[in-house]
Amino acid sequence: MIEREIANIIRSEMRPQKVMLVYGARRVGKTVLVNHIAKEFNGKVSVLNGEDQSSVALLQNRTASHFRQLFSDTELLVIDEAQHINGIGQILKLIVDEVDGVSVIATGSSSFDLQNKAGNPLVGRSYEFQLFPLSVEETLTATTRVEFLKTLDWQLIYGSYPELTLIPQAERKQRYLTEIVQVYLLKDILMVDGIKNSSKMMQLLQLLAYQIGSEVSYEEIAVKLALSRNTVEKYIDLLQKTFVIYRLPAFSRNPRREVTKPGKVYFTDTGIRNAVIGDFRPVAVRQDVGALWENYLISERLKQQKNKGFLSKHYFWRTYSGQEINLIEETNGDIAAFEFKWGQRMPKVPSAFAELYPAAPYKVINQTNMLEFV
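All values derive from a computational prediction rather than experimental measurement. (Residues numbered from 1 in each chain as written. Predicted model: local features only at pLDDT ≥ 70, side-chain atom pairs only at ≥ 80, totals over all residues. Heavy atoms only, no water.)

Some words on the overall build of the chain
Rule in force here: Per the convention used, a helix needs a DSSP run of H or I reaching at least four residues, while a strand needs a run of E reaching at least two, with both numbered from the N terminus. For this measure, only C-alpha atoms enter the radius of gyration; the expected value for a globule follows 2.2 Å times N^0.38, where N is the number of residues. To sort residues, take the accessible area from a 1.4 Å probe on protein chains only and compare it with the maximum for the residue type: under 20% means buried, over 50% means exposed, and anything in between is partly exposed. In what follows, a contact means two residues having at least one pair of non-hydrogen atoms within 4.5 Å. Accessibility throughout is a Shrake-Rupley quantity obtained with a 1.4 Å probe, and a residue counts as covered only by protein chains that appear here. Asp and Glu count as negative and Lys and Arg as positive, but His and the ends of the chain are not part of the count. Every charge is mapped onto a representative atom, which is NZ of Lys, CZ of Arg, CG of Asp or CD of Glu.
The secondary structure content of the chain amounts to 17 helices and eleven strands. The C-alpha atoms of the chain give a radius of gyration of 22 Å, which matches the 21 Å a tight globule of 374 residues would have. By its C-alpha atoms, the chain is 70 × 50 × 45 Å across when sized along the principal axes. Residues counted as buried form 54% of the 374 residues belonging to the chain. For the chain, long-range pairs separated by at least 24 residues make up 72% of all intrachain contacts whose partners lie at least 6 apart in sequence. Accessible surface, the chain as shown: approximately 17000 Å² in total, 50% of it carbon and sulfur. The positive charge centre, built from 45 side chains, and the negative charge centre, built from 42, are 3 Å apart in the chain.

What follows is the structure, given as structure tokens:
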């Protein structure tokens, strides 16, 4: 088993009368993670599953006396897929308030749904964590740097969902990713907020997949999909809250010269992005390899930062005259700039950026130095 970086953070924060909320998309390994933590836990463990009716039935008598009796000998309670349990927030609050000595881990595949159900009742009683597909650092615990770099092309095409490490054949990888998009990902999105129009959501995903690395216009998408701008914005917000995409805003301290809107959209996993448009061609024959490389490195950087608990903010930068930088990372008010190139070209820092931010470091990331970055 590949040890997940976030596991040690969860273990360090886990204590009686607290709830660890672990969010993440389907199939990123939440169940494996919490089962691994439970297995290593030095104490008595109870495990429930929100998709199992017998587990749900045990929680329906929502009284303090019932939960004290049920969990009196439990030191760690694990509730997987907790978003399926009605009133889960109040249930968790009652358990940690009334059952002495119990620690809780609850997982959910939709942050928007689980936060709505669990967030407010658990104020001051919970910690939140996000689990991503495997990071480069996690992958390197099971292979060497040489072997990893030999398969870098495959990382761009198929992404880094954990189960893919067990599937050697390209055709099976493609079927696996396509199934995630059609069966799990779209299902989770549509469950949130009662959205019914699956065809429009899929069309939106495809439009966004073709626009990675480019600035996204809500108005343009609305016209193409025959939807209102507000609906498009709502759908994109849901896609971010269900861990399918993330938005990168524009960085600006000089609005007269620098673009402040709109933002860019990237996929959390490049394999999912390619499955959305049904394009698994090799890197050597693709026209979008530059955008894929950009998406991959930004995603890996965000994984690294999140997994280690860093508090950096991330942006892209562009002037109205067209000068741009792929990623700006802001930490405690200081910024660093990163440009991503799949080939060996090493462009100089844009003159406007050097003039506006002369103290900011600038670095080009390519295949030769990417491991230093992620």
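A word on the pairing of strand 1 (residues 19–23)
How we decide: A pair of strands is labelled paired if DSSP reports no fewer than 2 bridges between them.
Most of strand 1 is tucked away, with five of its five residues classed as buried. Judged by which residues are buried, strand 1 turns out to be covered on both faces: Val-19, Leu-21 and Tyr-23 on one side and Met-20 and Val-22 on the other are all buried. The pairing of strand 1 with strand 4 (residues 103–108) spans five bridges and is parallel. Across the sheet, residue Met-20 finds its bridge partner in strand 4, namely Ile-105.

A closer look at the pairing of strand 3 (residues 76–80)
The following threshold applies: If the strands point away from the viewer and the path from the first strand over the helix to the second runs clockwise, then the crossover is right-handed.
Within strand 3, five of the five residues are buried, leaving the element largely enclosed by the surrounding structure. Covered by surrounding structure in strand 3 are Leu-76, Val-78 and Asp-80 together with Leu-77 and Ile-79, the residues of both alternating faces. Note that strand 2 (residues 45–49) and strand 3 share five bridges and pair parallel. Bridged to Asn-49 within strand 3 is Asp-80. Looking at chain direction, strand 3 and strand 4 are connected through four bridges and run parallel. Bridge pairing links Leu-77 to Val-104 in strand 4. In this view, the connection linking strand 3 to its parallel neighbour strand 4 by way of helix 5 (residues 88–98) has right-handed handedness.

Brief notes about the packing of aromatic side chains
The geometry of an aromatic ring pair is captured by the separation of the ring centres together with the interplanar angle, meaning the angle of the planes. For clarity, the cut-off: Here is the rule: rings of Phe, Tyr and Trp (six-membered ring for Trp) pair when centre to centre is within 6.5 Å. Planes less than 30 degrees apart are stacked, more than 60 are edge-to-face, and the remainder are tilted.
Per the stated rule, a full pass over the model turns up twelve aromatic pairs. Here Phe-353 and Tyr-357 contribute two aromatic rings whose centre-to-centre distance is 5.1 Å and whose plane-to-plane angle is 45°, an arrangement assigned as tilted. Here Phe-353 and Tyr-357 have matching classes, each one buried. Within the aromatic cluster, the residues linked to one another by ring pairs are Phe-251, Tyr-315, Trp-317, Phe-353 and Tyr-357.

Brief notes about the pattern of salt bridges
Put simply, the rule is: The salt bridge criterion pairs a side-chain nitrogen of Lys or Arg with a carboxyl oxygen of Asp or Glu, the two atoms within 4 Å.
The full count for this structure, using the stated rule, is 29 salt bridges. The partner of Arg-15 in a salt bridge is Glu-13, and the shortest N-O contact between them spans 3.5 Å. The residue Arg-286 makes a salt bridge to Asp-279 at a minimum N-O spacing of 3.3 Å. The class for Asp-279 is buried, based on a relative accessible area of 13%. Here the salt bridges share partners, and the residues they tie into one network are Arg-273, Asp-279, Arg-281, Arg-286 and Asp-288.

Brief notes about helix 5
Heads up, the condition is: An arc is given here, and it is the one of the directions from the helix axis to the C-beta atoms.
Turning to helix 5, its buried residues are Ile-88, Gly-89, Ile-91, Leu-92, Ile-95 and Val-96. Down the axis of helix 5, the smallest arc covering the buried residues is 165°, so these residues share one side.

As for the nonpolar core
Counted only if it meets this: Residues enter a nonpolar core if they are buried and are Ala, Val, Leu, Ile, Met, Phe, Trp, Tyr or Cys, with the set joined through side-chain atoms within 4.5 Å.
With 107 residues, the main nonpolar core has Leu-205, Leu-208, Phe-267 and Met-370 as its most contacted residues. Broken down by element, the residue count for this core peaks at nine residues, all from helix 10 (residues 170–191). Once you skip the residues sitting within four places of it in the chain, Met-370 turns out to touch Phe-148, Leu-149, Leu-152, Trp-293, Tyr-296, Leu-297 and Ile-365. Listed in part, the eleven residues of the second largest apolar core include Ile-325, Ile-335, Ala-337 and Ala-352.

Details of the sheet that holds strand 8 (residues 313–318)
So the rule is basically this: Every angle, taken between N-to-C directions, lies between 0 and 180 degrees, and every axis is a line fitted to C-alpha atoms, over only the stretch in contact when it is a helix.
In space, the four strands of this open sheet follow the order 8-9-10-11, with mixed pairing throughout. At either margin of the open sheet sits one strand with a lone partner, and together these are strand 8 and strand 11 (362–365). Neighbour-to-neighbour, the strand axes of this sheet turn through a mean angle of 30°, independent of strand direction. Relative to the sheet, helix 15 (residues 289–307) contacts strand 8, strand 9 (324–331), strand 10 (334–340) and strand 11, its axis offset from that of strand 9 by approximately 5°.

A word on the sheet that holds strand 1
Strand order in the open sheet formed by five strands is 2-3-4-1-5, and the pairing between neighbours is parallel. Strand pairing shows two members of the sheet lacking a second neighbour, strand 2 and strand 5 (126–130), which therefore form its edges. Going across the sheet, the axis of each strand differs from the next one's by a mean of 15°, ignoring polarity. Across the sheet, helix 1 (residues 5–13) lies against strand 1, strand 4 and strand 5, angled at about 180° from strand 5, the strand it touches most.

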